[in-house]
Amino acid sequence: MALKKLVVGNWKMHGTSADLAEVNAISLTAGTSTCDVALCLPATLIERAVRAAPGFAIGGQDCHAADKGAHTGDLSAAMLADAGAMLTIVGHSERREAHGETDAVIRAKAEAALLAGLSVILCIGESLDMREAGQAIAVVSAQVDASLPHGEAAAGGVPQRLAIAYEPIWAIGTGKVPSTADIAEMHAALRQRLVAAYGDAGRQARILYGGSVKGSNAAEIFAVADVDGALVGGASLKAADFLPIVAAAA
Ligand code: PEP
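Before going into details, it helps to say that this report is about the structure given with it.

## A look at the overall build of the protein chain
Line of reasoning, step 1. From N to C terminus, the protein chain includes 10 helices and 8 strands.
Line of reasoning, step 2. Dimensions of the protein chain, computed from the C-alpha atoms along their principal axes, are close to 45 × 45 × 35 Å.
Line of reasoning, step 3. Evaluated residue by residue, the protein chain yields a buried proportion of 48% over its 250 residues.
Line of reasoning, step 4. At a minimum sequence separation of 6, the contacts of the protein chain that also span at least 24 residues come to 74%.
Line of reasoning, step 5. When the accessible area of the protein chain is evaluated, it comes to approximately 10,700 Å², of which 54% is carbon and sulfur surface.
Line of reasoning, step 6. For the protein chain, the centre of its 19 positive side-chain charges and the centre of its 26 negative side-chain charges are spaced 3 Å apart.

## Description of the site of the ligand
Line of reasoning, step 1. Close contacts around the ligand come from 14 residues, with Lys12, Glu167, Gly173, Ser212 and Gly233 the closest.
Line of reasoning, step 2. Between the ligand and serine 212, the relevant distance is 2.8 Å, taken from an oxygen atom to a main-chain nitrogen or oxygen of the residue.
Line of reasoning, step 3. For the ligand, whose free accessible area comes to 290 Å², the fraction covered by protein is 95%.
Line of reasoning, step 4. Considered class by class, the residues forming the shell around the ligand number 4 nonpolar, 8 polar and 2 charged.

## Points about the sheet that holds strand β1 (residues 6-10)
Line of reasoning, step 1. On the basis of which strands lie adjacent, the closed barrel formed by 8 strands has the order β1-β2-β3-β4-β5-β6-β7-β8 and parallel pairing. Strand-to-strand twist in this sheet, taken as the mean axis angle between neighbours without regard to direction, amounts to 25°.
Line of reasoning, step 2. Lying on the sheet, helix α7 (residues 136-147) is in contact with β5 (119-124) and β6 (162-166); it crosses β5 at an angle near 145°.

## A few points about helix α5 (residues 103-115)
Since the α-helix advances by 3.6 residues per turn, residues separated by three or four positions end up pointing in the same direction.
Line of reasoning, step 1. Across its 13 residues, α5 extends 18 Å between first and last C-alpha, which sits within 8% of the 18 Å expected from 1.5 Å per residue.
Line of reasoning, step 2. Next to the buried residues of α5 lie α3 (77-82), β4 (87-90), α4 (93-98), β5 and α7.
Line of reasoning, step 3. Count one or two residues on from α5 and you reach glycine 117, which has phi positive near 95°.

Calculation notes
Within each chain, residue numbers correspond to sequence positions counted from 1 in written order. Totals for whole chains, interfaces and linings use all residues, but because this is a predicted model, local features are given only for residues with pLDDT of at least 70 and pairs of side-chain atoms are given and counted only at 80 or more. Only hydrogens and water are removed before side-chain values are computed, so all heavy atoms of the structure are retained for them. Only runs of H or I of at least four residues qualify as helices and only runs of E of at least two qualify as strands under DSSP, and these elements are numbered from the N terminus. Any residue under 20% of the maximum accessible area for its type is buried, any over 50% is exposed, and the rest in between are partly exposed; the area is computed with a 1.4 Å probe on protein chains only. Should any heavy atoms of two residues lie within 4.5 Å, those residues are counted as being in contact. Surface accessibility in these figures is a Shrake-Rupley result with a 1.4 Å probe; residues are shielded only by whichever protein chains are displayed. Here the positive residues are Lys and Arg and the negative ones are Asp and Glu; neither His nor the chain ends is included. Each charge is placed at NZ for Lys, CZ for Arg, CG for Asp and CD for Glu. Note on definitions. A residue lies near a molecule or strand when any single heavy atom of the residue is within 4 Å of it. For the purposes of these results, a polar contact is taken to be a pair of N or O atoms within 3.5 Å, where, inside protein, one atom must be able to donate a hydrogen and its partner to accept one; residues adjacent in sequence count only when each atom of the pair is a side-chain atom. Only Asp, Glu, Lys and Arg are considered charged in this grouping, and only Ala, Val, Leu, Ile, Met, Phe, Trp, Tyr, Cys and Pro are considered nonpolar; every other residue, Gly among them, is considered polar. One bridge is not enough; two strands pair if DSSP finds at least two bridges between them. Angles here are taken between N-to-C directions and fall from 0 to 180 degrees, while the axes themselves are lines fitted to C-alpha atoms, restricted in helices to the stretch in contact. Working rule for helices: expected span equals 1.5 Å times residues minus one.

Written as structure tokens, this is what we have:
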């Protein structure tokens, strides 16, 4: 049976209090949608967004693997939860590249977030060089195998709080999108990795596609087998751009 779709906006380093009206507008329509919708905001906006859009799922974009400690500038998963976040992204390629995050670090962050009660959007994806070398499936499968949460964090129902976001790096913010056949091939491979990791429960974890999703291409992408939603960057900043994507998923 098809899983309920999940559409998550990633605002990256965009947004101040002036943009809370967009959060509110998105939440009002999303609240009437038949798919799940969430916005991952800059940490400075989380608490105010939760107040501006009660009941709507607001998330962070990263968390530290530790509960607390001498980590200047970082935030723990418990801090995100305390601010009202219900989810967090981990392992976005922009963090893997700019902050040197490894699969092991990302796995630890995912486990910490789950243990703090958050849902997790775990990002993986290949570079253009890897895709052109025919290594995309192998590289992304290895990434997901090494970064999926296990241990205490994976005990009991975790896959429902875990979504994988397949985001080809070359598709993020570029307007380029893989063919639907390539998306289908990758998502089928990811489903196999989830089942290998969690058994049948791995069929309940949603696999999102991310990379230049827009209102104009969302329906075609959502029709691909094993595409259970989307992680959306640029087109999530304005309700007018984001809500057509939500409508395509609903
Ligand atoms: C992202 O950064 O997660 C993303 C998918 O960005 P965009 O939609 O702008 O390509």
